[in-house]
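Fold and contact review
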Amino acid sequence: IPMDPVCLERSTGEFDTSFQPFVDASVNGNILQAADNCSDVVITLTGCTSNQDGAFGLTVNSEGFTDHCYLDGDILRVSTRALNGPGDVARAHLVTGYALDECRNRVNLSRYLVIVVGSEVPTEYGNLDCEAATFPCVGECPCEYNEPECSAGEAVDSVTVDIDTTTRPGWTWFTYTLLSASATSSVSLGID
C-alpha cells in the first residue's frame, strides 16, 4: 500500500541534534504498511538513508542504517537536522523494509520522511501535506545551521572544567561545571 511521505519539523540551532522517535516502528501502518487477504503480515525495516548523508559525513552500516536514522529496539530515531544552503529544498530520509505473510510471500516497501527547508515544498517525494519553511543563514555561516559556528582557535574566552564527586553507598554522582567569562554550564551524571 503506497503511503504518503511524512513531513518532519526541522531542528534549529547550531548544536541541536534532535531526533524524531517513531515508536513501534515495525508495527504495520506506523511507518510502512502492507495488506494481505490471506493472513497478517510482519513488517521488517531494512534501512534508512538520506539524500544529505554525504554532506554530514555519514556512512551506511551493515544493517542499512546511518547515525542519523537508526533502530533503537523497535524505535526508529530520525535526525531532524538538514542543510539549508543554496539549492537545498529538503532532506529526505528513505526508510526501506519488507512485509512477509504466513505463506512466505514478501513485498518490498519504502517511505520518505522529509524535512522541508526551501521556500517551496518539493514534489519528487510524493504528496507532502506540509508547509515549507525558510531558515535564513546568519552571517557567513555555511548554511548547515542557523547560527554562525566558531572555528578552532576563535573562542571568545577560555573554558575550565570543575569536577565535583559525591559518593554514597551504591552510587556515585559526578558534577562537571564548565566555567568561562561569558557563561557557566553544569552537567551532572549519576552512576549506580
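Residues numbered from 1 in each chain as written. Predicted model: local features only at pLDDT ≥ 70, side-chain atom pairs only at ≥ 80, totals over all residues. Heavy atoms only, no water.

For the protein, the helix and strand inventory stands at 0 helices and 10 strands. Element order for the protein, N to C, with α for helix and β for strand: β-β-β-β-β-β-β-β-β-β. Looking at the 192 residues of the protein, the share that counts as buried comes to 35%. For the protein, long-range pairs separated by at least 24 residues make up 53% of all intrachain contacts whose partners lie at least 6 apart in sequence. (Helix = DSSP H or I, 4+ residues; strand = E, 2+ residues; numbered from the N terminus. Buried < 20%, exposed > 50% of the residue type's maximum accessible area, 1.4 Å probe, protein only. Contact = heavy atoms within 4.5 Å.)

Taken in spatial order, the 4 strands line up as S1-S7-S6-S3 in an open sheet, and their pairing is mixed. Edge strands, defined here as strands with exactly one partner in the open sheet, are strand S1 (6-8) and strand S3 (41-50). Mean inter-strand twist for the sheet, computed between neighbouring axes without regard to direction, equals 25°. Direction of pairing for S1 relative to strand S7 (residues 106-116): parallel, over a ladder of 3 bridges. Bridged to Leu8 within S7 is Ile115. (Pairing = 2+ DSSP bridges. Axes fitted to C-alpha atoms, helices over the stretch in contact; angles between N-to-C directions.)

This part covers the state of the cysteines. The tally for this structure, following the rule as stated, stands at 1 disulfide. Shown here is the disulfide that connects Cys48 with Cys69, its sulfur atoms set 1.9 Å apart. Taking the sign of the torsion about the S-S bond as the criterion, the disulfide between Cys48 and Cys69, at about 90°, is right-handed. On the criterion of sequence distance, the pair formed by Cys48 in strand S3 and Cys69 in strand S4 (residues 69-72) is long-range, its members being 21 residues apart. Grouping residues by exposure puts Cys48 and Cys69 together as buried. (Disulfide = S-S within 2.5 Å.)

Coordinates in, geometry out; function isn't part of it.
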